[in-house]
Amino acid sequence: NFGGVGLSISKPTESTAEKPAYVEVSSPIDDTPGARAGIHAGDYIIAIDGLPTPEMTMNEVLSHLRGEVGTPVTVTILRGANMRFDVKLVRALIEVPTAKYGMIEGTKIGYCRLIEFTPETPNRLQDAMDLFQKNGYTSMIIDLRDNPGGLITSVVDVADKFIDSGLIVSTKSRLAFENQEFKASPDKTTVKKNLPIIVLINQGSASASEILSGALKDYHMAYLVGQKTYGKGSVQQVI
């Protein structure tokens, strides 16, 4: 998470007089300053605090949009061919969404899409399961399609909500002291036993997604439905 305005953006690398390299809003993140101000997907940010964006690099754009929580930033929006207007935004703490969930209408099935594995993913999954419990769910779908993975500690904490004992995942290195085993503990398990679970996977499900789906399959807790996953069996650390 970081102090920002809550807009997913993209930017061309080349700028010409005919086609300036404006910053395009891919989508506003729900319940953030950008979304509340009415900025739409497809809008262009043509200036930030009066500075034209075509000459900026993407890193420069991000450095201008992000900043201390509570500080203001003014973006100039181009909507359509000729509608231009300024929007003053106050930076807030932005949490990148890691889960979307809800009850499937007319059923007792809880649906949770895990977008990636960040430090907040276990908490968001628990929020989902609390909602499912409140609505008397009898089965669950976990959607890991196009989930690229993330933190190994995050996926271990997620898996621990389902698995009450045993090995979740292990890492093996050429250096013996780097070998690790991550095991489940019963005091962290929050999903009731014998709950029917489907895990949706595809070719974009990688890394931590494969750890979760593989562990749930190996412990006979879920059926995997979809395509063969990406196949990423490595762990990185920044040192």
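What this report covers is the structure whose coordinates are included nearby. By convention here, each chain's residues receive numbers from 1 onward along its written sequence. Reporting in this predicted model follows two pLDDT cut-offs: at least 70 for local features of residues, and 80 or more for side-chain atom pairs to be given and counted; totals over whole chains, interfaces and linings ignore these cut-offs and use all residues. As a rule here, side-chain values come from all non-hydrogen atoms in the structure, and water together with hydrogens is ignored.

**Examining the overall build of the chain**
Item 1. Helix and strand assignments come from DSSP, with helices taken as H or I runs of at least 4 residues and strands as E runs of at least 2, each series counted from the N terminus. When helices and strands are counted, the chain shows five helices and 15 strands.
Item 2. Considering only C-alpha atoms, the chain reaches an extent of 60 × 50 × 35 Å along its principal axes.
Item 3. Counting across all 239 residues of the chain, residues that qualify as buried make up 39%.
Item 4. We call two residues in contact when some of their heavy atoms are within 4.5 Å. Sequence-distant contacts, at least 24 apart, represent 62% of the contacts inside the chain between residues at least 6 apart. To sort residues, take the accessible area from a 1.4 Å probe on protein chains only and compare it with the maximum for the residue type: under 20% means buried, over 50% means exposed, and anything in between is partly exposed.

**A word on the nonpolar core**
Item 1. We call a set of buried residues a nonpolar core when its members are Ala, Val, Leu, Ile, Met, Phe, Trp, Tyr or Cys and they connect through side-chain atoms within 4.5 Å of each other. If you look at the biggest cluster of nonpolar residues, it comprises 34 residues, and the most contacted ones within it are Leu114, Met140, Ile142, Phe162, Ile168 and Leu212.
Item 2. Of all elements in the fold, only strand 10 (109-114), helix 3 (121-134), strand 11 (139-143), helix 4 (152-160), strand 12 (166-171), strand 13 (180-184), strand 14 (197-201) and helix 5 (208-218) reach the threshold of two or more residues within this core.
Item 3. The contact partners of Met140, leaving out residues within four places of it in the chain, are Gly110, Leu125, Met129, Phe132, Phe162, Leu195, Pro196, Ile197 and Ile198.
Item 4. Listed in part, the 16 residues of the second largest apolar core include Ile39, Ile45, Val87 and Leu89.

**Side note on the pattern of salt bridges**
Item 1. For this document, the term salt bridge refers to a Lys or Arg side-chain nitrogen within 4 Å of an Asp or Glu carboxyl oxygen. In total, this model carries seven salt bridges according to the counting rule given.
Item 2. Ionic pairing is found between Asp164 and Lys193, a salt bridge with its closest N-O pair at 3.4 Å. Residue Asp164 is found in the loop between helix 4 and strand 12, and its partner Lys193 is found in the loop between strand 13 and strand 14; the two are separated by 29 residues along the sequence.
Item 3. Linking Glu181 and Lys183 is a salt bridge whose minimum nitrogen-to-oxygen distance equals 3.7 Å.

**Here's the deal with the packing of helix 4 against helix 5**
Item 1. Note on geometry: axes are lines fitted to C-alpha atoms, helical ones only across the stretch in contact, with angles between N-to-C directions running from 0 to 180 degrees. Packing of helix 4 against helix 5 leaves a shortest axis separation of 9 Å and a crossing angle of 25°. If you check the angle between helix 4 and helix 5, you find them roughly parallel. Helix 5 is crossed by helix 4, and the crossing has right-handed handedness. Counted together, Ile152, Val155, Val158 and Ala159 of helix 4 and Ala208, Ile211 and Leu212 of helix 5 form the full contact between these two elements. Working rule for angles: under 35 degrees goes down as roughly parallel, over 145 as roughly antiparallel, 65 to 115 as roughly perpendicular, anything else as oblique. Crossings are classed by handedness, with left-handed meaning an anticlockwise turn of the near helix from the far one by less than a right angle and right-handed meaning a clockwise turn.

**Some words on helix 3**
Item 1. The first and last C-alpha atoms of helix 3 sit 20 Å apart over 14 residues, in line with the 20 Å expected at 1.5 Å per residue.
Item 2. All of the buried residues in helix 3 are Thr121, Pro122, Leu125, Gln126, Ala128, Met129 and Phe132. Angularly, the buried residues of helix 3 cover 160° about the axis, an arc narrow enough to put them on a single face.
Item 3. Phi turns positive, to about 65°, at Gly136, one or two residues after helix 3. To estimate how far a helix should extend, the number of its residues minus one is multiplied by 1.5 Å. Note that the arc is defined by the directions from the helix axis to the C-beta atoms.

**Description of the pairing of strand 11**
Item 1. Most of strand 11 sits inside the fold, with five of its five residues counted as buried.
Item 2. The alternating pattern of strand 11 places Ser139, Ile141 and Asp143 on one face and Met140 and Ile142 on the opposite face, and all of these are buried.
Item 3. Think of it this way: DSSP has to see at least two bridges between two strands before they count as a pair. Of the strand pairs in this sheet, strand 10 and strand 11 are connected by five bridges, and their pairing is parallel. Counterpart to Gly110 in the pairing with strand 11 is Met140.
Item 4. Handedness of a crossover is defined as follows: with both strands directed away from the viewer, a clockwise route from the first strand across the helix to the second makes it right-handed. Crossover strand 10 to strand 11 through helix 3 is right-handed.

**As for helix 4**
Item 1. With respect to burial, helix 4 is a largely interior element, seven of its nine residues being buried.
Item 2. Listed in full, the buried residues belonging to helix 4 are Ile152, Ser154, Val155, Val156, Val158, Ala159 and Asp160.
Item 3. Lining the buried residues of helix 4 we find strand 10, helix 3, strand 12, strand 13 and helix 5.

**Observations concerning the packing of helix 3 against helix 4**
The geometry of a pair of packed helices is captured by two quantities: the angle between their axes and the separation between those axes.
Item 1. Contact pair helix 3 / helix 4: the axes reach a minimum separation of 8 Å and the direction vectors enclose 25°. Relative to helix 4, helix 3 is oriented roughly parallel. The chirality of how helix 3 crosses helix 4 is right-handed. Residue-level inspection shows Thr121, Pro122 and Leu125 of helix 3 in contact with helix 4, the latter providing Ser154, Asp157 and Val158.
Item 2. Along the lines of polarity and charge, the residues of the contact of helix 3 with helix 4 split into three nonpolar, two polar and one charged. Amino acids outside the nonpolar list (Ala, Val, Leu, Ile, Met, Phe, Trp, Tyr, Cys, Pro) and the charged list (Asp, Glu, Lys, Arg) are all regarded as polar, and Gly is one of them.

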